[in-house]
Amino acid sequence: MFPEKETAMTLKIKLTLIALGIAIITSAITWLNGQNTAAAIKNTHESIKIDESNQIQNQARSFFNQFLSASRAIDQQANFIAQLGEFGNKDLVGLLNATSSKLYEFAVYSADDSTLYRFNKPSQANKYYGLENTILNQIKSPSLRTAIHNYQGEHALIQSSGIVKEELVSGVILSILPLNQTLVDYLAQLTGADFKLSIGNKSYVSNSGIDFSKGEVIELPIKTNVNVSILFVNSLKTDKLIEEDTSYIGTYAIIGMMVGLILLVFFISQSYTNQVQSMAKASEDAENALQLAAALKNLTLNTELNNLVQNITGLITEQNNQNRQLQNKAKQLEHSLKDLKSEKKALLDERDSAVKAPKTKSEFLSRMGDEITTPMKTLSNMLHLLSEYKLDDEPKELLNISRRSANTLINNLNNILDFSKLDAGLLKLYKDNFEVKKLLEDIVKEYSPHADAKTLILTSKISHNVPDTIYNDPKRVKQILKNLLGNAIRFTKDGEVCLLCDLVTEEEGQEHLRFAVKDSGVGIPEEAQKGLFDSLEQRTKLTNSSFAGRLRLIVSKKLSELMGGTIGVVSEQQKGSEFWFTIQTKK
């Protein structure tokens, strides 16, 4: 349609491509030259860096060697002075430390008075600041030894030697170099590098902002008995110097490439802009995906955009097919959802029925409590009245057995009914002020016949800090004590059963009254103690346990928790058991 414009456009593109090619070739040559120069500079700096590292290592090793050499020289001088016998131990320490460095010190141990003398520091007999083993080894076998030991709470490199006079060890000379922050700071100042000293579970660094993960290692000139690591990092910033020297090299290459890329993008974008605008107009005019696909097929585009349009139309068609499939699946899922809702409702109804069934049974038993216990209490009272009559020994014994059996039956029935009430959530406490001492006396009086029948000694002890009266449910307190006391008497063959009461303070700072029933029975194995107070359905490894005994413990646990306390047991085989529980003492 416009041949002249098309020819001009083609010529402009060709010229642009030629200019771009020249710019790329020039940039590539410049970049290669720059890389060669940068490599040469980097090699030079790497050589300098290696020399610096070697110099740092030599300076650090030289420091440690100087310490060891000075220690050996001082040792020879000290032995010579000691042979003369003209100086005391304090004078000898001062003379040795006069030539020492601020980083290390010399000390002298005197075998005459068992004292370690240090320069300008107090000395005390039998106080060695962690050097006991070093001194003892020198006394046993005097020789020049170098090792790392603990000195005044920190590690130190110590060279020791015995002072031998007339074939006897009269003392020990110690050269001490503490391995601490002062040493690390000195090495950093000496070499100009940053150091990290790791020994045991402690670390010292001269600069906390340095990463020592790639630091170089300096080995001590001796074999140590402790894990010691000395790392250093060259702080002269050689790598940064390399970057500063080579940063300008790629500048020209980058400028040339950017100019060529800008020209290329400008001319290509002009060619694509009109085609993209036509695609955008087609998408605005289309009302749905199918119309957009049809409109894009009618456009005249270059090869790249035409391929893109074909991919888009293919995706639209595929998406349309997937939408139809999803609609069909959505209808199927809707029907399935209705079926699931119906099944869910039926299952919920069945669950509610199953949940209500045991609760209904528990409510029935709890409401029938009075109907069951009233006749039994009447029977017990009648037996009590009958015992007031004068009877012969044999009928009287039979009557006492009947009374004990009736009381046991009443207690078991009460536990069963209370268990049902607790399960149904119907049991309520009736709290009031009551006398603790009178309650314990009544229980001991009631259970004395049971203990006497087994020739057991039944006693009670109340701590002096227990108040006269407390506020809680006396009926339930007595019920727990009866349960624990009944079990103790039943499972104790001989010995005694003791009822204890004390005032304790819990972790929250609240005061609780603690009751305990202690017996001299066979005891309970540790593995059998688990689960004693849990559900009846849970099995226990206690071979002589009974349903009634387990029921007493379970009811006692729930009652103690209802009264603001807890329950537990301490037992040892062949030594007896102690069952205890706590309750709140105030409103």
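Residues numbered from 1 in each chain as written. Predicted model: local features only at pLDDT ≥ 70, side-chain atom pairs only at ≥ 80, totals over all residues. Heavy atoms only, no water.

Participant: Which parts of the structure should I look at to understand the sheet that holds strand β7 (residues 202-205)?
Facilitator: Pairing between the strands of a sheet is mediated by backbone hydrogen bonds and can be parallel or antiparallel. Across the sheet, which stays open at both edges, the four strands sit in the order β7-β6-β9-β8 with antiparallel pairing between neighbours. Edge strands, defined here as strands with exactly one partner in the open sheet, are β7 and β8 (216-217). When β8 meets strand β9 (residues 228-233), the two strands line up antiparallel, connected through two bridges. Paired with Val 217 across the bridge in β9 is Leu 231. Contacting β6 (194-199) and β7, helix α4 (residues 181-191) crosses the sheet at an angle of about 150° to β6. (Pairing = 2+ DSSP bridges. Helix = DSSP H or I, 4+ residues; strand = E, 2+ residues; numbered from the N terminus. Contact = heavy atoms within 4.5 Å. Axes fitted to C-alpha atoms, helices over the stretch in contact; angles between N-to-C directions.)

Participant: Explanation requested: unusual backbone geometry in the structure shown.
Facilitator: With the exception of glycine, most residues fall at negative phi, and the peptide bonds are largely trans. Phi at Tyr 129 takes a positive value of approximately 60°, unusual for a residue other than glycine. Structurally, the position occupied by Tyr 129 is in the loop between β2 (115-118) and α3 (132-140). Even without being glycine, Thr 455 reaches a positive phi, approximately 55°. Topologically, Thr 455 is positioned in the loop between α11 (436-453) and β11 (457-462). Since its relative accessible area comes to 65%, Thr 455 is described here as exposed. (Buried < 20%, exposed > 50% of the residue type's maximum accessible area, 1.4 Å probe, protein only.)

Participant: Which parts of the structure should I look at to understand helix α12 (residues 474-490)?
Facilitator: Residue pairs three or four apart in sequence face the same way in an α-helix, which turns once every 3.6 residues. Here α12 contains 17 residues, and its C-alpha end-to-end distance of 24 Å stays within 8% of the 24 Å for a straight helix at 1.5 Å per residue. Counting buried positions along α12 yields 13 of 17 residues, so the element is predominantly enclosed. Here α12 starts with a cap whose side-chain oxygen sits 3.1 Å from the backbone nitrogen of Lys 475, and that cap is Asp 473. (Expected span 1.5 Å × (residues − 1). Polar contact = N/O pair within 3.5 Å; in protein donor to acceptor, adjacent residues only side chain to side chain.)

Participant: Got a minute to help me understand the confidence of the model for the protein in this structure?
Facilitator: Reading predicted coordinates in detail is not appropriate for stretches of low pLDDT. Summarising the model, the protein shows a mean pLDDT of 76, and 71% of its residues fall at 70 or more. Scored below 50 in pLDDT, residues 1-9 shows one contact in the model against residues more than four places distant or in partner chains. (pLDDT = per-residue confidence, 0-100.)

Participant: Got a minute to help me understand the packing of α11 against α12 in this structure?
Facilitator: Each pair of packed helices can be described by the angle between their axes along with the distance between the axes. With their axes 11 Å apart at the nearest point, α11 and α12 run at an angle of 30° to one another. Taken together, the axes of α11 and α12 lie roughly parallel to each other. Our pair here, α11 against α12, has a crossing hand that is right-handed. For the pair α11 and α12, the contacting residues are Leu 439, Leu 440, Asp 442, Ile 443, Glu 446, Tyr 447, His 450 and Ala 451 in the first and Pro 474, Val 477, Lys 478, Leu 481, Lys 482, Leu 485, Gly 486 and Ile 489 in the second. Looking at the contact of α11 with α12 residue by residue, the class counts come to ten nonpolar, two polar and four charged. (Parallel < 35°, antiparallel > 145°, perpendicular 65-115°, else oblique. Left-handed = near helix turned anticlockwise from the far one by under 90°. Nonpolar A, V, L, I, M, F, W, Y, C, P; charged D, E, K, R; others polar.)

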